[in-house]
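Analysis of the macromolecular model
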Amino acid sequence: MAVMNTLNIAHTGLKTAAYGIEVTAQNVNNASTEGYVRRRVVQQPRAPTRGNRGVYRGSGVAVTSVNRSIDRNVVARTLEALGDEAQARASHESLQVLETGFREGDLSSLADRFDQFFDSLSELTMEPADYGLRQSVLNAGEAFAGSLNRAAQATVDTVADIESRIEDEIGDINETLEAIQALDRQISESDAVQGPADLLDHRDALMEQVAQKIGVDIEYKANGQVNLFVGGHAIVQDVHIRELTVSGSAGSLEVQLSVDASVVTVTGLIGGELGGLVAARSVAQDTGDSLNTFAEDFADAFNTQHALGYDRTSAVGGDFFTFGGSAAISFALDTSLAADSDLVAVAGAPSAEVGDGDNLTALLAVEESLLFDGGTKASRDFISSVYSDLGSEVRGFEIDAETYAAAYSDLNSLKTAISAVDLDDEAVNLIRYQASYEAAARVVSVADEMFETLMRM
Amino acid sequence: MIFRTTWHSRMDFMSVASNRIGAEMGKVNEQISTGKKINRPSDDPGLISQLHSVREALSNQEVYSRNGGQAEQLHNVVDVALKDLHLTLSESRELSVQFANEHYNPSQRAEAATEADSLRDRLLTLANTQFADRYVFAGTAYDAQAFDSTGTYQGSTDEPETVVGKDLTVATGFDGSDMLTGSSDMFTALEDLTTALLADDTAGITAAIDQIDDALRDVENAIVSLGGEMGRAGDAVDLSENMSVELTGAKANLEEANVVEAYTRLVQLQTNFEATMAAAAMQRYSGLFSRL
């Protein structure tokens with residue numbers, strides 16, 4: 001009966017319009033929700049029915065799905081850029097802290113302390129036996145050793161801080177991977193029409209966290225699940241996860257991935273913040289190694305020359321500087337010498353003449369000796385190169401962070417353009433669905449009048 | 001490509017823009033507050049080595065200048081001592097020439113011997129001249145008298161030197177045995193003169209004149225030699241001071257921020273920041289919902 005069919009059709013129209021208003025309301029109210037992807041109602045005519053005499057008759061409208069406005073390719077590229085930016089930023093921020101340990105521009109910097117030590121030796125040439133000047137040399141030597149210790153300690157502290165952060169983060173990342181795994185299960189089991197939009201939003205937010213932490217490649221599957229890869233190794237695949245672990249000792253901590261019965265080291269493959277921390281650790285260790293090289297080679301050269309001189313007691317000079325395992329951290333004035341300035345061996349002969357400073361000239365020449373980089377660099381140039389190498393690395397990471405941030409910003413704008421709620425759009429949708437609802441209601445009203453007409457007959 | 005712009009994307013853009021402006025404002029503020037454009041190696045890694053070299057050279061010049069200044073003071077004292085020695089020796093020569101004359105009798109020569117003795121004492125005092133507790137003619141053994149009461153040299157034949165420039169040293173003490181008693185021992189000459197005067201020995205007095213002449217030549221040579229040393233010390237001090245001025249300028253160019261430029265940039269950034277904030281505030285009123 002045509003009137004009944006009209007009523008049914010109007011009913012589907014009312015339902016569809018009401019659903020549209022509901023989805024619009026959901027969009028409007030989540031307009032500022034972080035990670036919320038706008039929903040779109042997909043509707044289409046219901047399948048027609050074949051009536052008498054073979055005539056096909058419409059049966060109204062139906063909501064086939066509620067789609068999330070998303071471009072997976074854009075999402076994948078955005079997360080990739082997010083990982084790159086997080087990696088460069090983490091490196092930059094970690095090494096910025098290390099830079100402060102070098103106190104550039106401060107008179108207590110390693111470079112300035114080194115200058116002050118040799119200046120004190122130059123001043124001693126005026127009065128080689130003067131107690132005050134000899135004591136000044138010891139004080140300047142201690143200050144120089146202290147600044148070297150401080151700079152070296154800063155590299156060690158940076159490495160320790162980085163490794164501590166890596167250990168802390170790994171646990172969080174594994175928990176996030178487990179949450180993604182659980183969501184993937186729910187997504188694959190969810191209702192097809194309603195769609196697991198909220199679950200997908202939540203999973204996207206978690207994937208963003210993982211991308212930011214370790215940098216991931218994403219592979220979307222037809223059933224809505226995702227596979228995540230780090231450096232070519234799957235960490236989430238077919239609703240299974242591979243946990244990240246940390247092993248090794250301090251200074252050589254490695255990030256590993258449990259693959260079946262074996263483990264794969266992925267320290268050099270991870271990106272994101274952890275990858276940035278690993279890169280910063282490498283720079284900090286290189287800087288520390290350079291300082292150790294400096295401490296060992298400089299102390300050896302200076303001690304060798306010091307041993308060719310004679311102290312105030314006419315004895316041959318002993319060690320001026322000492323160092324232990326971590327040369328730059330343990331670098332110090334010899335304890336006996338530090339306690340007795342008479343032991344500074346500046347005389348060229350064991351005559352104990354007060355003005356004999358022949359060995360001083362030779363000690364001063366150590367400053368200019370080409371001790372480093374295969375005999376091409378003097379001590380002072382080597383220190384400057386440690387500064388500039390560290391500065392270049394930090395600046396490089398800063399530029400990378402700015403570049404990747406711009407790339408991420410562009411991609412995120414694109415992602416937002418596709419996925420974010422626009423209140424103007426929703427206002428138009430609201431008007432449209434309201435109009436549809438009113439129109440469908442009017443059809444019901446007309447059908448009702450048709451019924452009444454029939455009933456009065 | 002036309003993007004669909006949303007309220008969300010506009011706000012994101014403003015957030016990114018304000019963060020970027022804020023970061024640059026932080027840097028500019030740091031330059032203004034410290035007055036330096038390089039506060040850490042990463043601020044300009046390429047300039048760090050150059051800046052360190054300038055700072056090192058500047059620090060060296062300060063020491064060179066101090067050492068050179070002290071050496072100059074010591075040289076001035078030595079110069080005065082040498083001139084007094086020359087004067088005393090000249091007086092000794094005049095005394096010798098006067099009493100070598102046949103007209104003087106033994107008692108007059110005996111009186112002259114007392115004066116010769118006194119001149120010798122003056123020579124000894126001058127040969128033991130001190131500068132800041134150091135005996136300037138004692139070589140590197142300057143903590144003890146250069147000559148004892150007999151006129152015997154007690155000092156060292158090595159001369160102390162101080163650094164006044166790169167690979168440049170000047171003497172800060174002198175070998176008295178070479179400088180004052182090199183070819184003729186002035187003390188022996190005066191002692192011989194006293195002996196000859198007491199003995200009324202004109203031939204001996206005449207012989208003493210020759211010895212005194214040799215001693216005078218030693219002192220004259222020493223004055224010339226000291227002049228060279230003083231010149232080197234003076235040049236070194238002048239060079240250090242000039243270098244310090246140049247290096248201070250170079251350091252300022254490398255290190256110091258252009259505060260006017262930085263302040264101008266800060267004003268620009270503040271304007272941008274305020275404009276961004278104002279644009280963000282306007283977003284509240286531009287929606288279609290507010291017109292429904």
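Attention here is on the structure that accompanies the text.

Rules behind the numbers
- One numbering rule holds for all chains: residues counted from 1, following each sequence as written.
- To label them, take the chains in the order written and letter them from A, then take the ligands in the order written and number them from 1.
- Where local features are concerned, this predicted model is filtered to residues with pLDDT of at least 70; where side-chain atom pairs are given and counted, the filter is 80 or more; whole-chain, interface and lining totals use all residues.
- Hydrogens are left out, water is left out, and the side-chain values use all remaining heavy atoms of the structure.
- For two strands to be treated as a pair, DSSP must find no fewer than two bridges joining them.
- Counting from the N terminus, the helices are the DSSP runs of H or I reaching at least four residues and the strands are the DSSP runs of E reaching at least two.
- Pairs of residues are marked as contacts when any of their non-hydrogen atoms sit within 4.5 Å.
- In short, buried area is how much 1.4 Å probe accessible area vanishes from two parts on joining, totalled over both.
- What counts as a salt bridge is simple: a side-chain nitrogen of Lys or Arg found within 4 Å of a carboxyl oxygen of Asp or Glu.
- Residues adjacent in sequence count toward polar contacts only when both atoms are side-chain atoms; beyond that, a polar contact is any pair of N or O atoms within 3.5 Å, and within protein one must be able to donate a hydrogen and the other to accept it.
- Axis definition: a line fitted to C-alpha atoms, limited for helices to the stretch in contact. Angles are taken between N-to-C directions and run from 0 to 180 degrees.
- Under the scheme applied here, a residue whose accessible area is under 20% of the maximum for its type counts as buried, over 50% as exposed, and between as partly exposed, the area being computed with a 1.4 Å probe on protein chains only.
- For this analysis, a ring pair means two rings from Phe, Tyr or Trp (six-membered ring only for Trp) whose centres lie within 6.5 Å, classed as stacked if their planes differ by under 30 degrees, edge-to-face if by over 60, and tilted for the remaining angles.
- Distance and angle both matter: a charge sits over a ring if NZ of Lys or CZ of Arg is within 6 Å of the ring centre and within 35 degrees of the ring normal.
- Among the buried residues, those of types Ala, Val, Leu, Ile, Met, Phe, Trp, Tyr and Cys that are joined through side-chain atoms within 4.5 Å form a nonpolar core.

The subject of this paragraph is the pairing of strand E9 (residues 244-247) of chain A. Residues and elements named next belong to chain A. With 4 bridges joining them, E9 and strand E10 (residues 254-259) adopt antiparallel strand pairing. What sits directly across from Leu244, in E10, is Leu257. Taking the residues that link successive antiparallel strands as the turn, the E9-E10 hairpin has 6 residues, and the phi of Gly248 there is positive, at about 100 degrees.

Attention shifts here to the interface of chain A and chain B. Contacts between the two partners involve 52 residues from chain A and, on the opposite side, 49 residues from chain B. Taking both partners together, chain A and chain B bury about 4,400 Å²; carbon and sulfur atoms supply 53% of that area. Counting the surface chain A buries against chain B, the share from its top three residues, Glu104(A), Met126(A) and Val354(A), is 16%. Counting across the interface, chain A meets chain B through 5 salt bridges. Linking chain A with chain B are 18 residue pairs in polar contact (both at pLDDT 80 or more), by the criterion used here. For the side of chain A that touches chain B, the secondary structure elements donating two or more residues are helix H3 (110-124), helix H10 (379-419) and helix H11 (423-456) of chain A.

Turning next to the sheet that holds strand E11 (residues 262-265) of chain A. Residue and element names in this part refer to chain A. Spatially, E9-E10-E11 is the arrangement adopted by the 3 strands of the open sheet, whose pairing is antiparallel. The open sheet has two free edges, formed respectively by E9 and E11, since each of these has just one partner strand. When strand polarity is set aside, the average angle formed by the axes of neighbouring strands in this sheet is 40 degrees. Along the sheet, helix H4 (residues 131-189) contacts E9 and E10; its crossing angle with E9, the most-contacted strand, is approximately 160 degrees.

Our next topic: the environment of Ala347(A). Residue and element names in this part refer to chain A. Here Ala347 is to be found in the loop between helix H8 (335-339) and helix H9 (358-366). When its relative accessible area of 5% is taken as the criterion, Ala347 is described as buried. With 88 residues separating them along the chain, Ala347 and Val259 place their C-alpha atoms 67 Å apart. Other than its neighbours up to four places away in sequence, Ala347 contacts Gly309, Tyr310, Asp356 and Asn359.

A few words now on the environment of Asp297(A). Relative to the elements of secondary structure, Asp297(A) occurs in helix H6 (residues 272-306). Contact partners of Asp297(A), with chain neighbours within four places excluded, come to Leu371(A) and Phe372(A).

Here a ring pair, both rings aromatic, is described through the centre-centre distance and the interplanar angle of the planes. Residues and elements named next belong to chain A. Scanning the model with the defined rule gives 29 aromatic pairs over all chains in all. When the centroid spacing of 5.4 Å and the interplanar angle of 70 degrees are considered together, the rings of Phe114 and Phe144 count as edge-to-face. Placement of Phe114 in helix H3 and of Phe144 in helix H4 is noted, with a sequence separation of 30 residues between them. Phe114 gets classed as buried once you look at its relative accessible area, which sits at 0%. Under the relative-accessibility criterion, Phe144 is labelled buried at 0%. With 5.0 Å between their ring centres and 75 degrees between their planes, Phe302 and Phe320 make a pair best called edge-to-face. Of this pair, Phe302 sits in helix H6 while Phe320 sits in the loop between H6 and strand E12 (321-322), and the two are 18 residues apart along the sequence. Both residues of the pair, Phe302 and Phe320, count as buried. Here the basic side chain of Arg432 rests over the ring of Tyr433, its NZ or CZ set 5.8 Å away from the ring centre.

Another point: the nonpolar core. The biggest cluster of nonpolar side chains holds 99 residues, and the ones touching the most others in it are Phe117(A), Leu228(A), Phe298(A), Phe302(A), Phe320(A) and Phe321(A). Top element by residues in this core is H4(A). It accounts for 17 residues. Those residues within four positions of Phe117(A) in sequence are excluded, and the remaining contacts are Val137(A), Ala140(A), Gly141(A), Phe144(A), Phe298(A), Phe302(A), Phe320(A) and Phe321(A). Of all hydrophobic cores here, the second largest spans 48 residues; its members include Ala146(B), Tyr153(B), Met179(B) and Phe187(B).

Residue and element names in this part refer to chain A. Judged by pairing direction, the sheet is antiparallel, and its 4 strands sit side by side in the order E5-E6-E7-E8 without closing on themselves. Edge positions in the sheet fall to strand E5 (217-220) and strand E8 (240-241), since each of these pairs with one other strand and no more. Most of the contacts of helix H5 (residues 197-214) go to strand E6 (residues 226-230), to which it runs at about 5 degrees, and overall it touches E5, E6 and strand E7 (233-237).

Attention now goes to the side chain of Arg120(B). By secondary structure assignment, the location of Arg120(B) is in helix H3 (residues 106-127). With residues up to four places along the chain from it excluded, the contact list for Arg120(B) reads Ser149(B), Thr150(B), Gly151(B), Phe187(B), Leu190(B) and Glu191(B).

All told, the structure shown has 34 salt bridges over all chains when counted by the stated rule. Residues Arg203(A) and Asp184(A) are paired through a salt bridge, measuring 2.6 Å at the closest nitrogen-oxygen approach. Note that Arg203(A) is positioned in helix H5 and Asp184(A) in helix H4, a separation of 19 residues in sequence. For the pair Arg203(A) and Asp184(A), one class covers both residues: buried. Glu255(B) is the partner of Arg55(B) in a salt bridge, and the nearest nitrogen-oxygen pair spans 3.5 Å. Taken together, the positions of Arg55(B) in helix H2 (residues 45-99) and Glu255(B) in helix H6 (residues 202-255) put the pair 200 residues apart, joining distant regions of the chain. Glu255(B) shares its class with Arg55(B); the two are buried. Through salt bridges with shared partners, a single network forms among Arg39(A), Arg68(A), Asp198(A), Asp201(A) and Asp204(A).

Function cannot be read off these values alone, since they describe shape.
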